[in-house]
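# Breakdown of the fold
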Amino acid sequence: MASALPSFAQDSLCPKCTDKQLFNHLSVGLNIGTPGFGIDLSTPITPYLAVRAGVNIFPVVKWHDSFYLESSMSDYNSFRNSHPEMNLPESKLTGYDDVDYEASTHNTTGHVLFDVYTGKHSTFHITLGAYFGASEVIKLKNREAGIFKGVSTYNNYVEQHPEAGYEKIGVWFDDNYFLEPDDDGNVNGIIKVKGFRPYVGIGIGRAIPKYRMGFQFDFGAQFWSKPMVYCQGHEV
């Protein structure tokens, strides 16, 4: 995770405290990098150790694609006409359709990081700490809300009455998972990672600069654990 961090340091209240000892300075930094953009507060613990804490705002990025609708809607229409007592809604889908979906990112995080310096005046540092935030980093849904309204009732009937000869209706995800709509007529999915994500990295610069303004650059990695895919609330 690379970031550039301009920091603005507060002068020490003690004129003799020029070596940035325990908590005698405070800097405010703006950061930008792969975790997003955000703000930090930093303070020294010793000349060899500093701590910074802040928040990274990751923009919500949306993209669109389509799912292939498995099974013809003619079965649904036939079933609907044969069972008027169930009051199933008329479907906008006519056959083997592609269903448009929207995916979006959700990865705003907070962080607490400790910079360990190799020397009293060194700018090279090793960083240890953690990022934390919501575990759901990708969310997916069909673009037209309720497009499968009534299909859940139909699928339940098909499952309970296989002798009727109807086929279930749903969408394929990545050609591996068959997704059925919920009671509101929607299909949704999420990708989840750990909410608490350890971080390790290296960098150049001090979060509490020698002068009023400085820059810090970091490169490292967050450990998210294995991403898990959930559809309709069930892990797949």
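Description of the structure in this document. (Residues numbered from 1 in each chain as written. Predicted model: local features only at pLDDT ≥ 70, side-chain atom pairs only at ≥ 80, totals over all residues. Heavy atoms only, no water.)

## Brief notes about the overall build of the protein
Looking only at helices and strands, one finds two helices and 16 strands in the protein. Restricting to contacts in the protein with at least 6 residues of sequence separation, those with at least 24 account for 68%. Here the protein has roughly 13100 Å² of accessible surface; of this, 60% comes from carbon and sulfur atoms. (Helix = DSSP H or I, 4+ residues; strand = E, 2+ residues; numbered from the N terminus. Contact = heavy atoms within 4.5 Å. Areas by Shrake-Rupley, 256 points an atom, 1.4 Å probe, with all protein chains shown as cover.)

## Here's the deal with the packing of aromatic side chains
Tallied over the full model, the rule gives six aromatic pairs. When the centroid spacing of 5.8 Å and the interplanar angle of 75 degrees are considered together, the rings of Tyr 76 and Tyr 154 count as edge-to-face. Highlighted residues: Tyr 76 in helix H1 (residues 73-82) and Tyr 154 in helix H2 (residues 151-160), separated in sequence by 78 residues. Here Tyr 76 matches Tyr 154 in class, with each residue buried. For the ring pair Tyr 154 and Tyr 166, a centre distance of 6.0 Å and an interplane angle of 70 degrees mean the geometry is edge-to-face. Within this pair, whereas Tyr 154 is found in helix H2, its partner Tyr 166 is found in the loop between H2 and strand E10 (170-173), the two being separated by twelve residues in sequence. (Phe/Tyr/Trp six-rings, centres within 6.5 Å; stacked < 30°, edge-to-face > 60°. Buried < 20%, exposed > 50% of the residue type's maximum accessible area, 1.4 Å probe, protein only.)

## Notes on the pairing of strand E4 (residues 49-57)
Pairing analysis gives nine bridges linking strand E3 (residues 36-46) to E4, with the strands arranged antiparallel. Note on E4: the bridge partner recorded for Thr 43 is Val 51. Where E3 folds back onto E4 in an antiparallel hairpin, the turn is made up of two residues. (Pairing = 2+ DSSP bridges.)

## Examining the environment of Cys 231
Tracing the backbone shows Cys 231 in strand E15 (residues 228-231). The spatial distance from the C-alpha of Cys 231 to the C-alpha of Ile 190 is 6.5 Å, given a sequence separation of 41 residues. Excluding anything up to four places from it in sequence, Cys 231 contacts Leu 179, Asn 188, Gly 189 and Val 236.

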